[in-house]
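Chain by chain, the residues:
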Amino acid sequence: MGVLAHDEMDVRTAGEDVQELLRRTTFSLTADGATADSLYLYRDRIPAALVAGLSELTRVPRSASGYCVLKGILSEFTGVAGPTPQSWDALEPGQTRELDIAFAIVASVTGRAFGWKAQQDGRLVHNIVPSRASANLQVGASSTVRLEWHTEDSYHPDRPELLLLACVRNPDRVGTDVASIRCADLTEEDIAVLAAQPVLLYPDDSYAGSWSFDGPDAPRMRTVWETADGLCMRFDPPYTTLPDGQPELRAAWERLGAALDRCATTVMADPGDVVMVNNDVAAHARRPFRARYDGTDRWMKRILVRSEWRRLETERDEPGYDQVQVGPYPSLHAGR
Ligand SMILES: O=C(O)CCC(=O)C(=O)O
Ligand SMILES: [Fe+2]
């Protein structure tokens, strides 16, 4: 990995009024029986002033870096999260109910939040914690291996445009690496090859057992494409098959990985921070770390969000390995 310095850090802090409204709304929704997964049924109970305050704060990161940090936005809720579970589903009932609701409110202002039926039981809020069974895999629950560059759910045409990661605890200060296609130093020739010659992306190991190949005639996927506001990317090397007999594609695709290494930033999230990644612009990765499995491990929460479609029309024909979404739920923000 190359130099990690960056000059375009986009850190946003909510005003005390927004924090207080988020706190009050979350506790009142909890008292009325809401959960993150049923939040969409309670949308009338979310004050317009909270939506307005969060809307400004959560505008899509359009900077070349492709990410921003909402500093401490959930810190009221992370202090009481309890021990880190040893797998995504090993929480006590209601253990992080308030935190999940508050995070779902923030996410639902950015766009249409959703889950995948075949991933973490279709839940809206994912738990990203190290688990023994996944320690060596290329999934969020790994620890002993580097989690390689990927844009989230690259295999699917309806993948999230936004990825929100909330830090519950991070005692060993393990960052999330982020690298933008708009900062990558690729040649015009490499970009042209990656835009023209498609590859085959397939679902990652967190979808194990829920899919089979779409068939030999299924559409292949383009790695980069141009939009009105700049270049976009779809990239997941561990879950990609490159076509035979296209050495120039392989070379450009490998140079993309190296270019992302060179322009990477490590985003260090503290408890209560939310990292918002523009999933069409930036890939993310994570270095290996030591898991203890004793309730003190690093713990992130994750919500996937649909936003503005800025993708190739040809993507709409992809079958997406028959993966089914839960939601997307309506956005709390009328324009998103
Ligand atoms: O743990 C992290 O920082 C990121 C893991 C990841 O790739 C994800 O949750 O999508
Ligand atoms: Fe990821």
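Keep in mind that this is a model prediction, so the values were computed, not measured.

Turning our attention to the coordination of the iron ion (ligand 2). Taken together, His150 (NE2), Glu152 (OE) and His284 (NE2) make up the protein donors of the iron ion (ligand 2), found 2.1 Å from the metal. For His284, a relative accessible area of 7% translates into the label buried.

To continue, consider the UniProt feature "binding site: Fe cation" (unreviewed entry) in the protein. UniProt records the feature "binding site: Fe cation" (unreviewed entry) at His150, Glu152 and His284, using the numbering of this structure. In sequence the annotated residues extend across 135 residues, while in space they remain close, none of their C-alpha pairs exceeding 8.2 Å. In this fold, His150 is placed in strand β5 (residues 147-150). With residues near it in sequence (within four places) discarded, His150 still touches Phe235, Asp236, Ala283 and His284. At 3.2 Å, the side chain of His150 and the side chain of Glu152 are in polar contact. Structurally, His284 can be placed in strand β14 (residues 282-286). Aside from chain neighbours lying at most four places away, what touches His284 is Glu148, Trp149, His150, Glu152, Leu163, Thr176, Asp177 and Val178. At a separation of 2.9 Å, a polar atom in the side chain of His284 contacts the side chain of His150.

With that out of the way, let us pick up the site of ligand 1. Lining the immediate environment of ligand 1, one finds Ile128, Leu147, His150, Glu152, Leu165, Thr176, His284, Arg286, Arg298 and Arg302. For ligand 1, an oxygen atom lies 2.9 Å from a polar atom in the side chain of Glu152. At 2.8 Å from an oxygen atom of ligand 1 is found a side-chain nitrogen or oxygen belonging to Arg298. Burial of ligand 1 by the surrounding chains reaches 99%, relative to a free accessible area of 300 Å².

With the rule as written, the count across this model stands at 14 aromatic pairs. A ring pair is formed by Phe27 and Phe77, whose centres lie 5.9 Å apart and whose planes are at 35°; its orientation type is tilted. Separated by 50 residues along the polypeptide, Phe27 in helix α1 (residues 16-31) and Phe77 in helix α3 (residues 75-78) bring together distant segments of the chain. Judged by relative accessible area, Phe27 falls into the partly exposed class, the value being 35%. By relative accessible area, Phe77 is classed as buried at 4%. Above the face of the Phe289 ring, Arg298 is positioned so that its terminal group lies 5.9 Å from the ring centre.

Moving on, we get to the sheet that holds strand β12 (residues 265-267). Spatially, 4 strands are ordered β5-β14-β7-β12 in an open sheet, and the strand pairing comes out antiparallel. Lying at the two open borders of the sheet, with one neighbouring strand each, are β5 and β12. Averaged over neighbouring strand pairs, the angle between their axes works out to 25° when direction is ignored. As defined by bridge partners, β5 adjoins β14 across 2 bridges and the pair is classed as antiparallel. Looking at β14, one finds that His150 is bridged to His284. Against the sheet, helix α6 (residues 247-262) makes contact with β5, β7 (176-180) and β14, and its axis sits at roughly 105° relative to β5, the strand it touches most.

The positions UniProt marks with the feature "domain: TauD/TfdA-like" (unreviewed entry) are residues 118-303. The span residues 118-303 shows a helical share of 13% and a strand share of 27%, and its end C-alpha atoms are spaced 15 Å apart.

Attention now moves to the pattern of salt bridges. Overall, the coordinates contain 28 salt bridges when judged by the stated rule. Of the charged contacts, one joins Glu152 and Arg302 as a salt bridge, the two residues approaching to 2.9 Å between their closest N and O atoms. Note that Glu152 is positioned in the loop between β5 and β6 (162-169) and Arg302 in strand β15 (residues 299-306), a separation of 150 residues in sequence. Exposure remark for Glu152: the relative accessible area of 5% places this residue in the buried category. A relative accessible area of 9% places Arg302 in the buried class. Overlapping salt bridges, with partners in common, bring together Asp158, Glu161, Asp280, Arg306 and Arg311 in one network.

Thresholds applied
- Residues numbered from 1 in each chain as written.
- Chains lettered and ligands numbered in written order.
- Predicted model: local features only at pLDDT ≥ 70, side-chain atom pairs only at ≥ 80, totals over all residues.
- Heavy atoms only, no water.
- Donors = N, O, S within 2.8 Å, 3.2 Å for Na, K, Ca; no water.
- Buried < 20%, exposed > 50% of the residue type's maximum accessible area, 1.4 Å probe, protein only.
- UniProt positions renumbered as here; feature names shortened; annotations may be inferred.
- Helix = DSSP H or I, 4+ residues; strand = E, 2+ residues; numbered from the N terminus.
- Contact = heavy atoms within 4.5 Å.
- Polar contact = N/O pair within 3.5 Å; in protein donor to acceptor, adjacent residues only side chain to side chain.
- Near = heavy atom within 4 Å.
- Areas by Shrake-Rupley, 256 points an atom, 1.4 Å probe, with all protein chains shown as cover.
- Phe/Tyr/Trp six-rings, centres within 6.5 Å; stacked < 30°, edge-to-face > 60°.
- Lys NZ or Arg CZ within 6 Å of the ring centre and 35° of its normal.
- Pairing = 2+ DSSP bridges.
- Axes fitted to C-alpha atoms, helices over the stretch in contact; angles between N-to-C directions.
- Salt bridge = Lys/Arg side-chain N within 4 Å of Asp/Glu carboxyl O.

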